[in-house]
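# Examining the three-dimensional arrangement
Residue-level listing of the chains:
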Amino acid sequence: MTDIPLIFEISQPGRRGWQLPALDVEDAPLEEMLPAGQVRAEPAELPEVTELDVVRHFTRISALNMCIDTTFYPLGSCTMKYNPRVTEKCARLPAFELHPYAPTECTQGTLELLHGLQQMLCELCGMHAFTLHPAAGAQGEFAGILVARAWHEARGERRSKVVIPDSAHGTNPASARLGGYQVVTVRSDERGRISPSALREVMDSDVALFMLTNPNTLGLFEDGILEIAEIVHDAGALLYLDGANLNALAGIVRPGDLGFDIVHVNTHKTLSTPHGGGGPGAGPVGVAEHLAEFLPGWVVENDAQNGFRLRQPERSVGQLRAFFGSTGVLIRAYAYLRALGARGLRENSLTAILNANYLRSRLRETFAPHVDEPCMHECVLSAKNQKKRGARALDIAKRLLDYGFHPPTVYFPLIVDEALMIEPTETESKTTLDAFVDALLAIDREIDECPDVVRGAPHSTPVGRLDEVSAARRPVLTMPVNGAME
Amino acid sequence: MDWTGSSPDERRQMLAAIGVDSVEALLAAIPRRVEELPGIPDGLDEASLLRQVSELAQRNHPAGPGKCFIGAGAYEHAAPAVVEALISRGEFSTTYTPYQPEVSQGTLIAGFEFQTLIARLTGLDVANSSMYDGASAAAEAALLAIRYTGRTAVVVSGAMHPEWLCVLRTYLSGVGAEIRIAAPENGRTLLGQIETCLDGNVACLLIQQPNFLGQLEDLRAAAEAAHAAGSLFVAACNPLALGILASPGECGADIAVGDVQPLGIPLSFGGPYAGYMAVREPLVRQMPGRLVGMARDAQGRRGFTLTLQTREQHIRRERATSNICTNQALVALAATIYLCTLGKHGLREVARQNVVRAHRAAERLQGIPGVRLAFDGPYFNEFVLRLPREAGDVCRHVRERSGIWPGLDLGRFWPEMADCLMVCVTETKTREDVEALRAALEDALQ
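Here the structure is a predicted model, which means the values were calculated and not measured.

## Digging into the overall build of chain A
When helices and strands are tallied, chain A shows 14 helices and 13 strands. Expected size for 486 residues packed as a compact globule is a radius of gyration near 23 Å; at 25 Å, chain A falls within 12% of this value. Seen along its three principal axes, the alpha-carbon backbone of chain A occupies a region of about 75 × 70 × 40 Å.

Below you can see the structure in the form of structure tokens.
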């Protein structure tokens, strides 16, 4: 069996893939323009390939990926819904191709679109203002944390703690730490939720912010939310919504109405901008009125005299990345929102909840639910019973690959033993959901009938399970210029 | 539009299986529900949506081919058609972080190739598989240096992109690090200034190459000065310029960062772009972001997988090296395809053309009475002109008369440089384009 070649292994000296325009100005030796010390001794060892080599290589390796276009991809907490092609077409309209420092009067269309997106996000989330600046959800979290810090400081307070549930995404504590805060963990109760009494125990006058994901990562709505908001606000702290799971709430309830002061939205989740193999996303952040002037980046304003323009909020916490934001991603998010309208958004959320509950109802007798009650847009099951019979969540996930499905998220949230976190999204049909359930039930039978087949899975993929321990012990992270890979 | 998956009949069957009459019956625990969102317009069919968005696009007035001479951290370069064609494949664009390596080899191989390309361009040992952008990558490099050295101050060149400097301040505000600015003179960072700022408390020295003003810095001298103080040296380099410029590795840098936007990534009003970060081997375990490594399966087949993940937030939580999660994989893929298509000689040639075209353009524009180069140091593809009038007025005049955007008015960032115009000339600008710019500037300055 031969390995899939890297582009460097295809390279042949002298092959060319690109032709530059002829130089139509007078040429000169480089030495006349650049001091010798500034010039590279040798050209970098990039591949030498033809255009067809490039097309064939990247097309071939692309076929080694599972993706939404080919496969059900119920990766919990990632909202792997269909990415409509029309939003791609919108984003590629040539007139959107503008320099970030283009004169304001030449960018009115883009600014109007971004303004419209801001307004729609405010309405969707019940927030007063939105910044479209952050590059991704985690950067949005950082933005929200900085806003909270600045607000407390403006009131003459320096608070040192951020409270985060034990079921939260890892980005929450990492972002809080980046913002200079100490992280305090609050434990979920046996119902999988944050109980007001548990929260009361950790809240004090040193807490700046409580970061909550709602529905939480167990797929459950935090039904104590109104009391939680009261506890947080009574302690003089702010309430943050990690909007990773907004696909369950859009058009049904607005975070602002529940008492959240800050929310980030992952455009690549709820608003269906393509995940891209791990980005680019965008992480707009919305805030209540008392926080609006602390937002990072710019807000787009429409003034009757001058048209649309960018304004830095007066007490802005600063910038998180260069330039306005990931406009190309934001155009797709705008187009998606306009295509759906409020009713379509609501219909999406309801259907996502329907699909998750349907999966749950068909699987709950075989795979133990962590909390046995209806879920929101995703359901978290446990393979703890299967583990006793000899196959772990990881084995089940790998065996699903042989059945042609991308597995759910496994081993997250961390508080669930052998977690299988399944998020079907609204774009999947009953037919697909049934086929997925059938595969999981078949795998469950295989654990007794042919356990080695499950434990040795996958069997049909381009490579089998990789030895990740050795890979991390002696990491090979680049291909050496002259020599073998090991 | 409606992209939900099931028919009304199938929905009824699912509701029956769940044992409820409607989905709303599952929502009882949610308080303060809404039925309508009046601030969001009604949905649109595909044709109406395209028309509405096209009408917005038409309210933009891009400069058009050969007419935008603004650079300043975002550069117009020609990208081979294969780049867009390949990154548009759903197999790349509709997949996610490769948590299941067996069915993600496409993304992982491309990531490994990106890491290898960046390592070779920068002359360093290891690169990660991308950051949000160049500015946040530079800030993360400073945080890396602070963690690695246990020191709490950072020295940064005042000739760094002002927006990058803002980002650095924001990122470092949480850890309370001190930022010392080495002031530039004549457009370049002065070695004396650097040495004054360096001491035993400085984690790293951070310098941009070419710097924001287009000038080339003396990276070797900066590296020596940083190392003499026991600090790390971080070079923030334009990756396209590295087609011809001495690599940060050969100049003594410990970390190289930058934005891959110059590698044919669309300007797109500021993003999405992607950052890169490369380091010397001893720093690898302190790196932020995703790393792809080689591994073998049980049959000995070569494969690729995310590795050294114990650095990352999903495992290490508040003790992670960074909060970064989803980053810019598809943009990094675009940069990978660009670098492969141009290849070893193509990248060098395009970098060389940038140098030649910019120098010829600078000669022509200096010939305009009253116009002179603001700085006399070497430069890559961008240079600053001092004008006999305010640059903002000149830009407006030129744009109104000729449709040309002649460059960036530096008064935007520094009021004392309001008579400075920064002009960028890449391989996309022909002799005629530059002649048209010259004529328009002459006209504006009469």
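## Looking at the overall build of chain B
Within chain B one finds 14 helices and 15 strands. A principal-axis box enclosing the C-alpha atoms of chain B has dimensions of 80 × 55 × 45 Å. When burial is assessed residue by residue, chain B has 63% of its 446 residues classed as buried. Within chain B, counting contacts between residues at least 6 apart in sequence, those at least 24 apart form 72% of the total.

## Quick word on the pairing of strand E13 (residues 382-386) of chain B
Residue and element names in this part refer to chain B. In terms of burial, E13 is a largely internal element, 4 of the 5 residues being buried. With 5 bridges joining them, E13 and strand E15 (residues 420-424) adopt antiparallel strand pairing. When the sheet's bridge partners are listed, Phe 383 is paired in E15 with Val 423.

## Re the sheet that holds strand E2 (residues 153-157) of chain B
Residue and element names in this part refer to chain B. Here we have 7 strands laid out as an open sheet, ordered E1-E9-E8-E7-E6-E2-E3, and mixed in their pairing. Across the chains shown, the open sheet's two edge strands, defined by having one partner strand only, are strand E1 (126-127) and strand E3 (178-182). Inspection of the sheet shows strand E8 (residues 255-259) paired to strand E9 (residues 275-279) by 5 bridges, in the antiparallel sense. The partner of Val 257 across the bridge, within E9, is Met 277.

## Comments concerning the interface of chain B and chain A
Facing the 168 residues of chain B at the interface are 173 residues of chain A. Looking at the side of chain B that touches chain A element by element, the count peaks at 24 residues for helix H12 (residues 329-366) of chain B. Of the residues that constitute the side of chain B that touches chain A, the class distribution is 80 nonpolar, 53 polar and 35 charged.

## Overview of the confidence of the model for chain B
Fine structural detail should not be taken from predicted coordinates in areas where pLDDT scores are low. Put simply, chain B has an average pLDDT of 97, and 100% of its residues get 70 or more. Confidence metrics for the complex model read pTM 0.98 and ipTM 0.98.

## Brief notes about the nonpolar core
Generally speaking, soluble globular proteins have nonpolar side chains that are buried together. Of all hydrophobic cores here, the largest spans 324 residues; its most connected members are Val147(A), Ala142(B), Cys204(B), Leu205(B), Leu206(B) and Val234(B). In terms of residue count, H12(B) provides more of this core than any other element does, 21 residues in total. For Leu206(B), the residues in contact, after removing those within four places along its chain, are Ala138(B), Ala142(B), Val154(B), Val155(B), Val156(B), Ser157(B), Met160(B), Val234(B) and Ala236(B).

## Section: helix H6 (residues 134-149) of chain B
Residues and elements named next belong to chain B. Here H6 contains 16 residues, and its C-alpha end-to-end distance of 22 Å stays within 8% of the 22 Å for a straight helix at 1.5 Å per residue. The element H6 is extensively covered by neighbouring structure, given that 13 of its 16 residues are classed as buried. Positive phi appears at Gly 150, one or two residues downstream of H6, with a value of about 70°.

## Topic: helix H13 (residues 391-402) of chain B
Residues and elements named next belong to chain B. The end-to-end C-alpha separation of H13 is 16 Å, in line with the 16 Å expected for 12 residues at 1.5 Å each. The complete set of buried residues in H13 reads Ala 391, Val 394, Cys 395, Val 398 and Arg 399. Burial along H13 is one-sided: seen end-on, the buried residues are contained in an arc of 130°. Seen from the open side of H13, the exposed residues pointing more than 90 degrees away from its buried face are Glu 400 and Arg 401. Along its buried surface, H13 packs onto strand E14 (408-409), E15 and helix H14 (431-445). Following H13 by one or two positions, Gly 403 adopts a phi angle in the positive range, close to 75°.

## Digging into the environment of Leu199(A)
Residue and element names in this part refer to chain A. As for its placement among the helices and strands, Leu 199 is situated in helix H7 (residues 196-202). Sequence spacing of Leu 199 and Ile 228 is 29 residues, and the spatial spacing of their C-alpha atoms is 7.5 Å. Excluding residues within four positions of it along the chain, Leu 199 makes contact with Val 186, Ile 194, Ile 228 and Ile 231.

## Quick notes on the sheet that holds strand E11 (residues 379-382) of chain A
Residue and element names in this part refer to chain A. Ordered in space as E10-E11-E13-E12, the 4 strands form an open sheet in which the pairing is antiparallel. The sheet is open, and its two edges are formed by strand E10 (368-369) and strand E12 (409-410), each paired on a single side. Inspection of the sheet shows E10 paired to E11 by 2 bridges, in the antiparallel sense. Note on E11: the bridge partner recorded for Pro 369 is Leu 381. Across the face of the sheet, helix H9 (residues 327-363) comes into contact with E10, E11 and strand E13 (419-422) while running at roughly 20° to E11.

## A closer look at the domain arrangement of chain B
All names here are of chain B. Domain assignment breaks chain B into domain 1 (81-337) and domain 2 (344-445). Taken over C-alpha atoms, the centre of domain 1 sits 29 Å from the centre of domain 2. Counting residues at the interface gives 13 residues for domain 1, matched by 18 residues for domain 2. Class assignment of the residues belonging to the side of domain 1 that touches domain 2 gives a composition of 7 nonpolar, 5 polar and 1 charged.

## Notes on the pairing of E13(A)
Remember that side chains alternate between the two faces of the sheet whenever the strand is regular. All names here are of chain A. Taking every second residue as pointing to the same face, both faces of E13 are buried, with Ala 419 and Met 421 on one and Leu 420 and Ile 422 on the other. Across 4 bridges, the pairing between E11 and E13 is antiparallel. Its bridge partner being in E13, Leu 381 is matched across the sheet by Leu 420. Summarising the sheet, E12 and E13 pair through 2 bridges and their orientation is antiparallel. Bridge assignment links Thr 409 to a residue of E13, and that residue is Met 421.

## Concerning unusual backbone geometry
Residue and element names in this part refer to chain A. A cis amide bond, omega 0°, links Phe 412 with the succeeding residue Pro 413. Positive phi, close to 70°, is recorded for Phe 323, a residue that is not glycine. When you line up the elements, Phe 323 lands in the loop between strand E9 (307-311) and H9. Of note in the backbone geometry, Glu 418 takes a positive phi value of approximately 50° without being a glycine. Mapped onto the elements of the fold, Glu 418 is located in the loop between E12 and E13.

Conventions we followed
- In this convention, every chain numbers its residues from 1, walking through the sequence in written order.
- All chains are assigned letters beginning with A, and all ligands numbers beginning with 1, in the order in which they are written.
- A pLDDT threshold of at least 70 governs which residues receive local features in this predicted model, and a stricter bar of 80 or more applies before side-chain atom pairs are shown or counted, although totals over entire chains, interfaces and linings include all residues.
- Numbering of helices and strands runs from the N terminus, with a helix taken as a DSSP run of H or I at least four residues long and a strand as a DSSP run of E at least two residues long.
- Using C-alpha atoms as the atom set, the radius of gyration is obtained and then compared with a globule rule of 2.2 Å times the number of residues to the power 0.38.
- Exposed residues have 12 or fewer other C-beta atoms within 10 Å of their own C-beta, buried residues have 20 or more, and residues in between are partly exposed; the C-beta atoms are placed from the backbone.
- Working definition of a contact: two residues with C-beta atoms, positioned from the backbone, lying within 7 Å.
- Strand pairing is assigned whenever DSSP detects at least two bridges linking the two strands.
- Put simply, Ala, Val, Leu, Ile, Met, Phe, Trp, Tyr, Cys and Pro go in the nonpolar bin, Asp, Glu, Lys and Arg in the charged bin, and everything else, Gly too, in the polar bin.
- Along the chain, pLDDT gives the predictor's confidence residue by residue, from 0 to 100.
- The term nonpolar core refers to a set of buried Ala, Val, Leu, Ile, Met, Phe, Trp, Tyr and Cys residues connected through C-beta atoms within 7 Å.
- Helix span, as expected, comes to 1.5 Å for every residue beyond the first.
- Arc, as used here, means the arc of the directions from the helix axis to the C-beta atoms.
- Inter-axis angles, ranging from 0 to 180 degrees, are taken between N-to-C directions of lines fitted to C-alpha atoms, where helices are fitted over the stretch in contact.
- The start and end points of each domain follow an automatic or database-based domain assignment.

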